[in-house]
Every structure is written in structure tokens, then in C-alpha cells.
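Chains, contacts and geometry: an overview
If you want the building blocks of each chain, they are given just below.
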Amino acid sequence: MCRWGVWIAWLTLLSAVSWGADTGGVDTAQNDANNAHPFVTPPPLSDPNAELVDRPLPGTKSETNGSSAGENGGTLTPYYVRTGIGLSFITNVDYPDFGITGGVDMAPGFATSVMLGTQFHDNIAFEIEGGLLYNTVYSNQAGNVTATNLTQVTNVQLFQVPMMGNFIFRTDPLGATRIRLVAGGGMGGIFRQIFVTGSPDNYTESQTLGAYQGFGGIQINPGEPDLMVDVQFRYLNSISGQSVPSMSLLGTVTIRF
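Computed from a predicted structure; not experimentally measured.

1. As for the pairing of strand S5 (residues 124-137)
With eleven bridges joining them, strand S4 (residues 106-118) and S5 adopt antiparallel strand pairing. Counterpart to Met106 in the pairing with S5 is Val137. Hairpin connection of S4 to S5: five residues between the antiparallel strands.

So, in C-alpha cells, the structure goes:
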């Protein structure tokens, strides 16, 4: 028995010395973490599906952001406001209703317009329009104008204020592009006022008549679903009474809301 007891004591002492050399005095938990057994399974991730989710590349939007942007884009109403400015041209005409005889050469003036409309179809819209066209006679042609009760005419100014209801037709002959063709027309009324400056005195005449107009041009979408830019050529005249053929080249900006 004593011999077996001695052997057991020696084995116990050798095991303790060997264990101390392996650990080197380092904390057991830290040593286990640094020298993990190759067959030990690592602890599971806090979210088991985290590595299965596709992450977006740098500089790109995630699908979640894209879907929300699409939903926001689809919330636009069919209503829009459009405003524009451009040039107004009037041909050489007589103005007997205004007491002016002989042709009057009007210089190019300016035109402006504001429209409120609704896009009730992909290609058709209806809008209410109000605008202003202003033209004046060429300064070197004023002496050729003859007006009632005036011995001399020095200037003639014409203001036109149309109020129209328009139908607009849009088409996309080039396919899925940002450029569309626009055409339309409308009817309503027009208020005209003319100012004649001369001697011995100045005078003013005005009239309100039924009117019509037609227009056509191109529409460009710069990339925003709620913004459009148009360039249009327009023709405006009264249905009856004094005929004043008026043409304008108008650039407009449309904002949907």
C-alpha cells in the first residue's frame, strides 16, 4: 500500500506542475478564449438572420428607401399650377373700333400667363388660364398712324387680358423619354384696352369680346415627377368685333401638388 501511495502522490505533483506551465499564470477564461479548441462551436450571433440580409452597396439606396420614395411619388394629386412668360407679336392691322385708321405696326412685346389645371387622364388635361399681352407701336412708325380727333399720334399701347378654358393633349411619340408633344386650344373672353398718345389730347378705348386660342409645343420633364417645362407657340384672337391676331412664344413651368 505505501508503494502505491507514493506513486499516486508523484503523479499528482507532476500533473499540477504541467498545468501551471500551460496556463502561465493567465486567467483561465482569457486563456480559453485565446486558445479555443478547434472542435468547439462558437456562440451563436445575437441575430441569426443578420448575415442573410443583403446590404446595399456604398452610394446606393436600399430597397426600403426606394419603395418609400415610390410611394411618396404616387401620392401626387392630378392638380397643377403653371406659369410662364415670353414674347408677344401682333400683325399689322387696322383698329377702326378704337378710332384708328391705317395699318399699325406693333413692336414685339411681352406675354405672361398663369394656369390652374387638372390632369384627369394620362394624356388629357383641363385648365383655367388668365394672362396679359402688351404691345406698343414702333417709335418710328407712330407718325404714320391716324386717329380720330388727333392731329398727331406719338404712341399707341395695347393691353390684352384673356380669360380662357383650355383642353391640353399630350403625347409621347418618342417612347419612354422625357420629351412630349403638347397641343391644345380653348375658348373664353378677352378684355382689350388701347392707349393713344398724341395731340391735342390723349384718349383710351376698351372692349370685351369672346375669344379663342390654339397652341402647340414641347414638354420636358427634367427628372422630377412634380415638375415640367414647356415651350409653346400660341395664337389668340377674338371671335367677333375688332380682330387683333396675336401670337406669342411662351416658356412655362408646371408644378404638380
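2. Quick look at the sheet that holds strand S3 (residues 100-104)
Taking strand neighbours across the sheet as the criterion, the three strands line up as S2-S3-S6 in an open arrangement whose pairing is antiparallel. Each edge of the open sheet is held by one strand with a lone partner, namely strand S2 (93-95) and strand S6 (146-147). Here S3 runs beside S6; their pairing, made up of two bridges, is antiparallel. Across the sheet, Ile100 pairs through a bridge with Ala147, a residue of S6.

3. Considering the packing of aromatic side chains
All chains considered together, the criterion is met by six aromatic pairs. The interplanar angle of 50° and the centroid separation of 4.7 Å between the aromatic rings of Tyr134 and Phe159 together place this pair among those described as tilted. Residue Tyr134 is located in strand S5, and its partner Phe159 is located in strand S7 (residues 152-171); the two are separated by 25 residues in the primary sequence. Looking at Tyr134, the relative accessible area reads 18%, which means it is buried.

4. Description of the nonpolar core
Judged by nonpolar contacts, the single largest core of 19 residues is most densely connected at Tyr95, Ile100, Met106, Val156, Leu158 and Val196. Every element with two or more residues in this core is listed here: S2, S3, S7 and strand S8 (179-199). At three residues, the largest contribution of residues to this core is made by S7. Discounting chain neighbours no more than four positions away, the residues touching Val196 are Ile100, Ala147, Leu150, Val153, Asn155, Val156, Asn202 and Tyr203. Residues Ala111, Met164, Ile190 and Leu250 belong to the second largest nonpolar core, which totals eight residues.

5. Focus: the environment of Asp105
For Asp105, the position within the fold is in the loop between S3 and S4. On the accessibility criterion, Asp105 (28% relative accessible area) is partly exposed. With 14 residues separating them in the primary sequence, Asp105 and Thr91 have C-alpha atoms 7.0 Å apart. Excluding its chain neighbours within four sequence positions, the residues that come into contact with Asp105 are Asn92, Val137, Tyr138 and Gln141.

6. Considering the pattern of salt bridges
Tallied over the entire structure, the rule returns two salt bridges. For Arg234, the salt bridge is made with Glu129, and the minimal N-O distance between the two is 2.9 Å. Separated by 105 residues along the polypeptide, Arg234 in strand S10 (residues 227-238) and Glu129 in strand S5 bring together distant segments of the chain. Summarising the burial analysis for this pair, Arg234 and Glu129 share the class buried.

7. Some words on the pairing of strand S9 (residues 203-220)
As paired elements, S8 and S9 share 18 bridges and run antiparallel to each other. Pairing of Gln193 across the sheet is with Ser206, part of S9. Between S8 and S9, which follow one another and run antiparallel, lie three residues. Here S9 pairs with S10 via ten bridges, running antiparallel.

8. Topic: the sheet that holds S5
Pairing is antiparallel in the closed barrel, where eight strands are placed in the order S1-S4-S5-S7-S8-S9-S10-S11. Mean inter-strand twist for the sheet, computed between neighbouring axes without regard to direction, equals 25°.

So, how was this worked out
- Residues numbered from 1 in each chain as written.
- Predicted model: local features only at pLDDT ≥ 70, side-chain atom pairs only at ≥ 80, totals over all residues.
- Heavy atoms only, no water.
- Pairing = 2+ DSSP bridges.
- Helix = DSSP H or I, 4+ residues; strand = E, 2+ residues; numbered from the N terminus.
- Phe/Tyr/Trp six-rings, centres within 6.5 Å; stacked < 30°, edge-to-face > 60°.
- Buried < 20%, exposed > 50% of the residue type's maximum accessible area, 1.4 Å probe, protein only.
- Core = buried A, V, L, I, M, F, W, Y, C linked by side-chain atoms within 4.5 Å.
- Contact = heavy atoms within 4.5 Å.
- Salt bridge = Lys/Arg side-chain N within 4 Å of Asp/Glu carboxyl O.
- Axes fitted to C-alpha atoms, helices over the stretch in contact; angles between N-to-C directions.

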